[in-house]
Amino acid sequence: MPPILYKADGSPPARAVMMVIDILGINVEQRNLNPVLREQDAPEFVKKNPMRTIPWLDEGDFWLADSHAIMIYLIQKYGKPEHSKLYPTDSRKRATVHQRLFFDCGILFQRLRAVMAPTYMGRLTEMSKGMIRNIVDAYAMLEDYLSENLYMADEVITIADLSIASTMATLVGLVAIDEERFPKLTQWYNNMNKQDYCIRINIPGGKEHSDGLKALMANTKFHQKSKI
Ligand SMILES: N[C@@H](CCC(=O)N[C@@H](CS)C(=O)NCC(=O)O)C(=O)O
């Protein structure tokens, strides 16, 4: 039996893993879960993934949650020499890749999640100034990371770029990148969007996600107005 990836096309961390699977060309069955309906809360899933998040990987006798951990695991398990640049062995380069992955996990995605959570609960009608400020502040950090290299952790694409690009593909639909203020981030994002796996997986999934969030906010606003 091939491993199973539980995912949603709109989910940024799921898209990051889906891009790694695509690049590695491995046989992983992909099954959809709807996070709006909380399908990940089914008891048989919670036993394997108590975080109740999407994505997670099920190998039958081994389960792994968190996109960043899954990406590293898949690269280490299935990566061939031609994939070595995605997860460099040089200890400083690898440490930089890890730092950028933790940045995505702990900062960038959390600033998107601050919008997602109240939107899914039907509490948000529009993004607050603080939410937008926090996202733009994260863009400024990414611009600074890019002062060293063309990509987030190296001169070439690593899994850090896949991770950050997956979050960015939703974020740009909510808060556009200011090209004048963030020229390096703009260039990086344009470069990522030329990659075949971004064109097929990340761009459409990001649009689906940000359009869905905006539609839910508009729906909440409509229902709040109709109650008055
Ligand atoms: N750090 C996790 C974040 C995963 C995550 O929060 N996924 C969202 C969907 S995009 C989710 O499942 N949210 C449900 C929840 O947090 O309860 C990862 O990288 O996999």
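Rules of the game
- Residues numbered from 1 in each chain as written.
- Predicted model: local features only at pLDDT ≥ 70, side-chain atom pairs only at ≥ 80, totals over all residues.
- Heavy atoms only, no water.
- UniProt positions renumbered as here; feature names shortened; annotations may be inferred.
- Helix = DSSP H or I, 4+ residues; strand = E, 2+ residues; numbered from the N terminus.
- Buried < 20%, exposed > 50% of the residue type's maximum accessible area, 1.4 Å probe, protein only.
- Contact = heavy atoms within 4.5 Å.
- Areas by Shrake-Rupley, 256 points an atom, 1.4 Å probe, with all protein chains shown as cover.
- Lys, Arg positive; Asp, Glu negative; His and termini not counted.
- Charge placed at Lys NZ, Arg CZ, Asp CG, Glu CD.
- Pairing = 2+ DSSP bridges.
- Axes fitted to C-alpha atoms, helices over the stretch in contact; angles between N-to-C directions.
- Phe/Tyr/Trp six-rings, centres within 6.5 Å; stacked < 30°, edge-to-face > 60°.
- Near = heavy atom within 4 Å.
- Polar contact = N/O pair within 3.5 Å; in protein donor to acceptor, adjacent residues only side chain to side chain.
- 1 Å grid on protein atoms, 1.4 Å probe; cavity = no way out; pocket = protein on both sides within 12 Å on 5 of 7 lines; lining within 4 Å.
- Sits in = over half its atoms within 2 Å of the grid points.

- Per an unreviewed UniProt entry, the chain goes by Glutathione transferase and derives from Spodoptera littoralis.
- Under Subunit (unreviewed entry), UniProt gives the following word-for-word description of the chain: "Homodimer."

## Side note on the overall build of the chain
Then comes step 1: Counting its regular elements, the chain contains eight helices and four strands.
Then comes step 2: Along the chain, helices and strands appear, N-terminal first, in the series β-α-β-α-β-β-α-α-α-α-α-α.
Then comes step 3: Counting only C-alpha atoms and orienting by the principal axes, one finds that the chain spans roughly 60 × 50 × 25 Å.
Then comes step 4: Per-residue burial for the chain yields a buried fraction of 49% across its 228 residues.
Then comes step 5: A separation threshold of at least 6 residues defines the contact pool for the chain, and within that pool the share at least 24 residues apart is 69%.
Then comes step 6: Entry remark: accessible area of the chain is about 11500 Å², with carbon and sulfur atoms responsible for 54%.
Then comes step 7: Taking the average location of the 28 positive side-chain charges in the chain and that of its 27 negative ones, the two points are 5 Å from each other.

## Describing the sheet that holds strand S2 (residues 29–32)
Then comes step 1: Strand order in the open sheet made by the four strands is S2-S1-S3-S4, with mixed pairing throughout. At either end of the open sheet lies a strand with only one pairing partner, and these are S2 and strand S4 (63–65). Strand after strand, the sheet turns through a mean of 20 degrees between neighbouring axes, direction not considered.
Then comes step 2: Sheet topology note: the strand S3 (residues 56–58)/S4 ladder contains three bridges and is antiparallel. For Asp58, the partnering residue across the bridge sits in S4 and is Trp63.

## Some remarks on the packing of aromatic side chains
Then comes step 1: Taken as a whole, this structure holds seven aromatic pairs when the rule is applied.
Then comes step 2: Judged by centre distance (5.7 Å) and plane angle (65 degrees), the rings of Phe45 and Trp56 are edge-to-face. With Phe45 in helix H2 (residues 43–46) and Trp56 in strand S3, this pair connects stretches of sequence that are 11 residues apart. The pair formed by Phe45 and Trp56 is uniform in burial state, with each residue classed as buried.

## Brief notes about the site of the ligand
Then comes step 1: Within the structure, the ligand sits among 16 residues, and Arg38, Ile54, Asp66, Ser67 and Arg113 are positioned closest to it.
Then comes step 2: In this structure, Arg38 approaches the ligand through a side-chain N or O atom, which is 2.9 Å from an oxygen atom.
Then comes step 3: Ile54 is positioned such that a nitrogen or oxygen atom in its backbone is 2.8 Å from an oxygen atom of the ligand.
Then comes step 4: Alone, the ligand offers 500 Å² of accessible surface; in the complex the protein occludes 89% of this.
Then comes step 5: Here the ligand is seated within the largest pocket.
Then comes step 6: Mapped onto the shell around the ligand, the elements with two or more residues apiece are helix H1 (12–24), helix H3 (67–78) and helix H4 (91–120).
Then comes step 7: Of all the elements, H4 adds the most residues to the shell around the ligand, at four residues.

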